[in-house]
Amino acid sequence: MTANRRPLIAGNWKMNGRGDDGLVLALQLAERMKAKKGATFDILVCPPFTLIYGVGQALDDSGVGLGAQDCHAIESGAYTGDVSAAMLADLGCAYVIVGHSERRAGHAEINSLVRAKAEAAHAAGLIAIICIGETEAERDAGKTLDVVKDQLSGSLPDGAGAANTVVAYEPVWAIGTGRTPTNDEVQEVHAFIRAELTARFGPSEAQGLRILYGGSMNPNNARELLALSDVDGGLIGGASLRCEDFWSIAQSCP
Ligand code: PEP
């Protein structure tokens with residue numbers, strides 16, 4: 001983390017939350033945020049589509065941001081079951097996650113589609129949180145940086161920059177497993193991502209663009225991870241479902 005990048009703590013609720021439990025969590029977070037004077041971090045939650053409207057109402061003007069977990073690449077039309085970025089903006093979302101590994105694996109989302117979704121997010125005025133990360137087999141084969149390079153170049157649109165894009169590095173094998181890379185390994189990949197962003201978008205955009213770490217971040221490991229020089233926040237799954245844990249992670253921002 002450096003002074004010119006404000007830490008971002010993003011919660012990915014995945015397919016969790018029905019009615020009151022999601023709203024209670026949102027209200028608890030909103031209360032914490034309202035009571036916090038002069039927060040030095042940004043914080044947001046990405047509930048399932050069904051809860052976005054209600055959570056948005058519960059968050060009100062608390063300062064906790066609202067995002068979604070996916071969007072379609074087209075603005076409107078005959079796409080049964082899909083939700084467009086413009087619809088998310090209508091609901092008050094400011095962010096949308098695209099290219100999460102669970103969508104890449106479970107919905108066959110390839111880089112070109114992730115890129116199209118990020119472009120749609122930008123067109124709708126949303127900040128795209130673009131996820132990348134290697135599988136365990138790829139890491140074991142020594143291919144981590146190759147995979148990350150390929151996903152970065154394929155998934156980020158040309159119009160990406162510090163104002164409309166966040167990159168989330170999420171090693172697939174660390175998601176929901178309780179395992180994380182070492183701090184040195186995380187910093188190595190984040191520094192590599194920053195160098196790739198610098199080569200493509202120039203130093204000014206790359207210095208401002210936030211790179212989040214995701215994968216089993218919790219209150220016990222957050223402080224060390226968030227202190228790494230190229231880690232600008234976290235994308236948090238499991239621990240974002242408990243207000244205490246999620247808030248504690250946010251409090252660990254340098
Ligand atoms: C995620 O799904 O983006 C994630 C990081 O999950 P978890 O924190 O549960 O590993």
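Computed from a predicted structure; not experimentally measured.

Q: Looking at this structure, I do not really get the pairing of strand β2 (residues 42-46). What am I missing?
A: Where a strand is regular, its side chains alternate between the two sheet faces. With respect to burial, β2 is a largely interior element, four of its five residues being buried. With five bridges connecting them, strand β1 (residues 8-12) and β2 associate as parallel partners. Residue pairing across strands places Leu-8 opposite Asp-42, the latter belonging to β2. What joins β1 to β2 is helix α1 (residues 20-35), and the crossover it makes is right-handed. Strand direction decides the pairing type here: β2 and strand β3 (residues 64-68), joined by three bridges, are parallel. Note that in β3 the partner of Ile-43 across the bridge is Val-64.

Q: Any chance you could explain the pairing of strand β7 (residues 210-214) here in plain terms?
A: Within β7, five of the five residues are buried, which leaves it mostly tucked inside the rest of the structure. Burial along β7 is two-sided: Arg-210, Leu-212 and Gly-214 facing one way and Ile-211 and Tyr-213 facing the other are all buried. Alignment of strand β6 (residues 165-169) against β7, held across four bridges, turns out to be parallel. Note that in β7 the partner of Tyr-169 across the bridge is Tyr-213. Judged from the two bridges that link them, β7 and strand β8 (residues 233-236) form a sheet pairing that is parallel. The residue of β8 that forms the bridge with Gly-214 is Leu-235. Crossover connection from β7 via helix α10 (residues 222-227) to parallel β8: handedness right-handed.

Parameters at a glance
Residues numbered from 1 in each chain as written. Predicted model: local features only at pLDDT ≥ 70, side-chain atom pairs only at ≥ 80, totals over all residues. Heavy atoms only, no water. Buried < 20%, exposed > 50% of the residue type's maximum accessible area, 1.4 Å probe, protein only. Helix = DSSP H or I, 4+ residues; strand = E, 2+ residues; numbered from the N terminus. Pairing = 2+ DSSP bridges. Right-handed = clockwise from strand over helix to strand, strands pointing away.

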